[in-house]
Structures are given as structure tokens and as C-alpha cells.
Amino acid sequence: MAAPLDMEPPALSLELLPTDPLLLILSFLDYRDLMSCCYLSRRLNQLSSHDPLWKRHCKKYWLISDEEKSQRNQSWKAIFISTYSDLGRYIQYYATLKKAWDDLEKYLGQRCPRMIGSLKESVQEEDLDAVEVQIGCKLPDDYRCSFRIHNGQKLVVPGLMGSMALSNHYRSEDLLDIDTAAGGFQQRLGLRQCLPLTFCIHTGLSQYMALESVEGRNKYEIFYQCPDQMARNPSAIDMFITGTSYLEWFTSYVNKVVTGGYPIIRDQIFRYVHDKECVATTGDITVSVSTSFLPELSSVHPPHYFFTYRIRIEMSKDALPEKACQLDSRYWRITNAKGDVEEVQGPGVVGEFPIISPGRVYEYTSCTTFSTTSGYMEGYYTFHCLYYKEKFFNVTIPRFHMVCPTFKVSTARMVSKDAVETNHNEYAVDEDEDSTDTDEYEDRRRVMDIPAPSGRCPHHT
């Protein structure tokens, strides 16, 4: 018998809906909404406590593995809630920073195991709170979050944040622990409310993070200080910018390391940047170049930008034995940002005349300076064959560019308004100082034989 047309269908009740579709809907909710469901009804409270729903959030926000879950002997929901109660303020940063630290530890564990031993265990919230009281400034949450994972490292060599070695100059930067950083917090003019992030025992060099927007800096900006050598005012400090936030600064560095962007040499991370286009092959010989900017040997005023480059010369292992040859001389063509050209020609490289044979690699480092914020070098090596000593040939050195990082001039400098507002790599300079190739003054650096010298590399030699 058909139902009367005027009868209304029964009201749809949440209690009557099947479980599986509801669980599927709940699986799309973020943790906030999933938690809110616990308070809407008894049925939703039961469904939102379904443990597999919380597995996704534990993996997404806290990087909890199945193995760690089994070791903790807790439900996924209990793990999420307990972790959130401790680290909840860092939920937007934690997964990114934890992955960076995990990737870095895994990579260094295979290549620089002694560096892993220098890392310190995490600190607690009360430790970070105490530092904020001590320095009178709030620490950014991404910085705090990183120190909840690792409290920097011990003051040792090599430093976690990279090294650089020349014949008479060595730099290796440690990532400071929270107490050491707080002890170096600056309130003096030129570096007001700046917290050191790194420190080099050999040079005293640090990278600082601005905790407030003062003296022309943006809040949380990270930089190398660069005193104005021509100013009478000691607070006239220019800045080479290395990051806009701790998260960006740290994760971009880690990415460079774990993807092989920075070479590992004698258990140290060397901050040479290799451009894949800076490779040239002539016959059986390939020349590649990587470069690095040295802020501790550079200045904005007067304009003096110091770069080091690392050159790799390799003969193919498939080359015939009679292709063995010896380097006789080098020729450089050096061009600055103004288009001024300097040519340099001389015997050997770094005072040596290396022999290249099939499968052999020869590497060395050298340096140059520019009075402009950028420039490039190119040239060739002249070799002679060992089997046919009268036969000479040239091997191309690819063009490689060197660019000073973004910098800011000191607000204490008494200059024109236009100069003060300049905040990029096209900063106008009046001096017209020549670039200088210093091959003949640098010692050879093989991949497995780079010492840690002291002192400073000459600005112009």
C-alpha cells in the first residue's frame, strides 16, 4: 500500500548515518576541526577518536614514524595531543625544521661523523623563556623551535655552518647554543638588539639575527656585520644579508649541504657554490669552477669585495696514456661590473706545474678582489705533452661570475639620502680599484689535503 503523499520523510539523524562515510569525511579535516568534533555530539566524539584519523596528523606535523609509535605504546591521538601540549606553538615550523635536522644528521653521519658528536641535545621551554628574560627580547618561534630539536653545537672545529680555507686564512662557523648566543647579545650602537647565531673561533666572525627593526634592519633579518672602515663613528656598521628569517636561513643552508651543493673536504663543509654551467672540456681535459664570497675580508665602504674560487682540472680516465701533459702557464681575463678588463698571465698555478694523466684530478684554490659588487673571470691554461714535448695546447677555463650578496649600508653613515636608501647589489662606488688575481700567492689545495691555517688572506697581493 502506497504511503500517503502528505507524509514527510523522517528527519535525517547523525546517529543514523553509516560510519564509513563519516570517517571518510573526518579524514579530510585538519587537527583543529577534528578536535572540535569531539565536543559536538557523542557520535562525533566517538568517531573523531578513531585512531587512524590521528596517524596522518602525527606524521604530518610531528614526523612520528610507525616504529616510534610502537615504542611509545600510545594511541596516535594520545601521541598527537601530548606532543601538541609541548610543541604546539611551533606546529607551523616543527616538521620543516625537524626534517632539515634529520636530513643533515643522516648526511653528516655518513660523511662527517665527528661533527655529529658536537651537536647538543634539545632545550626546554623554560630555558628559552629564561633567555628572553635575560636579553629583554622575544625570540622568534622558528628559532625557538630549532633549539627544541638541537641546542646548537659545542665550540669546536669544524663548525656545522661551514668552513673556508686559504693559505693564511681559515674560517669555520659553529652554530651557537642558546646560552652562548644570549651571552653575545648586543645592545651597543650599530648592533642594537642583535643575537649572534654563529661564531668562528679563528676570526671572531659571527652571523647575527636582528630581534627588532632598528638601525635600518628588518626584524629577524640575518647578516654578517661589516664595519665602515672610512667612518669615524664606530657604530657605522654595514651588513651583508644572509637570510630573512631563521627558518629560511637554516633550511636553505641544509638543503645546499645534503644535495651536495657544498663539497665535503676532510670532514668539513666548504661553502663553495658550483654553477653547473661553469664547466669546459677541451679534448680529454675538463675544467670546472666553484666560488665563494668572503664577508670577513670584504667591505662596502671602501668598496672591496673578496672572492675565492676553487678549480678542478681532470683528465678523462678513458684518455690514452700518451695524452699525459703538464701545465705550463695560465692566462686570465678579469672583468668587473663597470666593464673594466684586466689581463693576467703567468707561469703555473699557485706556484706549481701539475702533471695531468688519465683519471687524475688536480684541484687548487685561489682568490681575487673587485671594487665593484660583481665581476667575472675566464681564460685558459697552456699545457705541453709529456710524450711529445714540442706539442703545446690551450685548455679553456670557463667563465665564472662572482656576485656580492645583498647588503645594507649603515644608517649612521653621513651620506646623501639616495645612498642611504640603496639596499641592493648595484650600490654606486666611487673608487676604481683594479681586480687582482692572486694565483701566485696561494698554496695548492687538494681535496684530501686542506690544512687549517691561521691569519688573514691578503686583500691585494
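What counts and how
- Residues numbered from 1 in each chain as written.
- Predicted model: local features only at pLDDT ≥ 70, side-chain atom pairs only at ≥ 80, totals over all residues.
- Heavy atoms only, no water.
- Pairing = 2+ DSSP bridges.
- Helix = DSSP H or I, 4+ residues; strand = E, 2+ residues; numbered from the N terminus.
- Axes fitted to C-alpha atoms, helices over the stretch in contact; angles between N-to-C directions.
- pLDDT = per-residue confidence, 0-100.
- Contact = heavy atoms within 4.5 Å.
- Buried < 20%, exposed > 50% of the residue type's maximum accessible area, 1.4 Å probe, protein only.

> Help me get a handle on the sheet that holds strand S4 (residues 198-200), residues and values and all.
Taking strand neighbours across the sheet as the criterion, the 3 strands line up as S1-S2-S4 in an open arrangement whose pairing is antiparallel. Since the sheet does not close on itself, it has two edges, and those belong to strand S1 (163-166) and S4, each with one partner. The average undirected angle you get between the axes of adjacent strands in this sheet is 20 degrees. When S1 meets strand S2 (residues 169-175), the two strands line up antiparallel, connected through 4 bridges. Looking at the pairing, Ser163 lines up with Ser172 of S2.

> I'd like a description of the confidence of the model for the chain, backed by residues and values.
Chain-level statistics for the chain give a pLDDT mean of 87 and a share of 86% at 70 or above. Overall, residues 414-434 carries pLDDT values under 50, and its contacts beyond four positions in sequence, including any with other chains, amount to 41 contacts. Counting interchain partners and residues more than four positions distant, the pLDDT-below-50 stretch residues 440-461 has 77 contacts.

> Can you break down the pairing of strand S5 (residues 207-210) residue by residue, with the values?
Regular strands have side chains that alternate between both faces of the sheet. Judged by which residues are buried, S5 turns out to be covered on both faces: Gln207 and Met209 on one side and Tyr208 and Ala210 on the other are all buried. Examined bridge by bridge, strand S3 (residues 194-196) and S5 share 3 bridges and lie antiparallel to one another. Note on S5: the bridge partner recorded for Cys194 is Ala210. In terms of strand pairing, S5 meets strand S6 (residues 222-227) through 3 bridges, oriented antiparallel.

> Tell me what's going on with the pairing of strand S14 (residues 341-347), and back it up with residues and numbers.
As defined by bridge partners, strand S13 (residues 325-336) adjoins S14 across 7 bridges and the pair is classed as antiparallel. What sits directly across from Arg330, in S14, is Gly346. Linkage of S13 to S14, two consecutive antiparallel strands, is achieved through a turn of 4 residues, within which Gly339 is found at a positive phi near 90 degrees.

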